[in-house]
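If you want the building blocks of each chain, they are given just below.
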Amino acid sequence: EDERHLAQILLVIGDLHGLRCRTTPAQAAYEEALVLARRCNDVRTETVVAESLSASLYNGPTPLSRVAEAIDELLERARAPDMLRLGSRVLYGRALVELRRGNAEGAREYLAESDATFRMLDSLRAHARVTQLAGDLALAEAQATEAIEATERAGDSRGSAVIAAELGEILLERGKDAEAQ
């Protein structure tokens, strides 16, 4: 628990350095926060830290070849099934690196993969909502539950909270008031 909180504090410290355009100390804070978030298996914090680290690397003095290597290392981790949200964000950063290298086609490929990953996560929620509005509440409940599980595996606690509220609405419509609580 202490390491998780320390990772979150280091994230804020990195953000404060970043706001002051001090990317080198920001990177150091983010790298330390990333190690701690991974050690305590805090996927949400790891996702936010990795995204911030990618941006800091991209916008800082780090040579572009090292930026690409660092982002590729983050991508390797982000391809795990529970890290889909991170993957979509880091792929966007990799697209920016390719664009800076003058490789517009490579940038488009990374961006397309990022979009596909993000849409896949978001489409689960959309399917549940459409199914609910179509009146198949049992299927909508199953789809919303699947969407919550996917967003939680992806490290998106805010997204899962939104879907949980929508699931509560579905449960109320089904007369499952106790479960909706």
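Small disclaimer: the values here were computed from a predicted structure and weren't measured.

Cut-offs used in this document
- Residues numbered from 1 in each chain as written.
- Predicted model: local features only at pLDDT ≥ 70, side-chain atom pairs only at ≥ 80, totals over all residues.
- Heavy atoms only, no water.
- Helix = DSSP H or I, 4+ residues; strand = E, 2+ residues; numbered from the N terminus.
- Buried < 20%, exposed > 50% of the residue type's maximum accessible area, 1.4 Å probe, protein only.
- Polar contact = N/O pair within 3.5 Å; in protein donor to acceptor, adjacent residues only side chain to side chain.
- Contact = heavy atoms within 4.5 Å.
- Phe/Tyr/Trp six-rings, centres within 6.5 Å; stacked < 30°, edge-to-face > 60°.
- Lys NZ or Arg CZ within 6 Å of the ring centre and 35° of its normal.
- Expected span 1.5 Å × (residues − 1).
- Axes fitted to C-alpha atoms, helices over the stretch in contact; angles between N-to-C directions.
- Parallel < 35°, antiparallel > 145°, perpendicular 65-115°, else oblique.
- Left-handed = near helix turned anticlockwise from the far one by under 90°.
- Nonpolar A, V, L, I, M, F, W, Y, C, P; charged D, E, K, R; others polar.

Trainee: Before we go on, may I ask you to explain the side chain of T47 in this structure?
Mentor: Looking at the element boundaries, T47 is found in helix α3 (residues 43–59). Judged by relative accessible area, which is 1%, T47 ranks as buried. Engagement of the side chain of T47 in a polar contact is seen with the backbone oxygen of V43, the distance being 2.8 Å.

Trainee: Explain the environment of A29 to me, please; I cannot follow it from the model alone.
Mentor: Along the chain, the position of A29 falls in helix α2 (residues 23–39). Considering only alpha carbons, one finds A29 and L11, 18 residues apart in sequence, at a separation of 6.7 Å. Apart from the residues within four sequence positions on either side, A29 is in contact with L10, I13 and G14.

Trainee: Explain the packing of aromatic side chains here, please?
Mentor: Aromatic rings considered in pairs are described by the distance between their centres and by the relative angle of their planes. As enumerated under the stated definition, the model contains 0 aromatic pairs in all. Across from the ring centre of Y58, 4.2 Å away, lies the NZ or CZ of R100, which sits over that ring.

Trainee: Help me out: how do you make sense of the side chain of R94 in this one?
Mentor: Looking at where R94 falls in the secondary structure, it is placed in helix α5 (residues 84–100). Residue contacts for R94: discarding those within four places in its chain leaves A68, I71, D72, L75, R101 and Y110.

Trainee: Would you mind showing me how to read α3 here?
Mentor: The α-helix winds at 3.6 residues per turn, so residues separated by three or four positions along the chain end up facing the same way. Taking 1.5 Å of rise per residue, 17 residues should cover 24 Å, and α3 covers 24 Å from first to last C-alpha, within 8% of that figure. Burial of α3 is extensive: 13 of the 17 residues sit out of reach of the surface.

Trainee: Got a minute to help me understand the packing of helix α1 (residues 2–19) against α3 in this structure?
Mentor: When two helices pack together, their arrangement is given by the angle between the helix axes and by the axis-to-axis distance. The geometry of α1 relative to α3 is characterised by a closest axis approach of 10 Å and an angle of 25° between their N-to-C directions. Between α1 and α3, the angle falls in the class roughly parallel. Relative to α3, the crossing made by α1 is left-handed. Residues A7, Q8, L11 and D15 of α1 form the contact with α3, whose participating residues are T45, V48, V49 and S52. Broken down by class, the residue content of the contact of α1 with α3 amounts to 4 nonpolar, 3 polar and 1 charged.

Any link to function would need more than the numbers given here.
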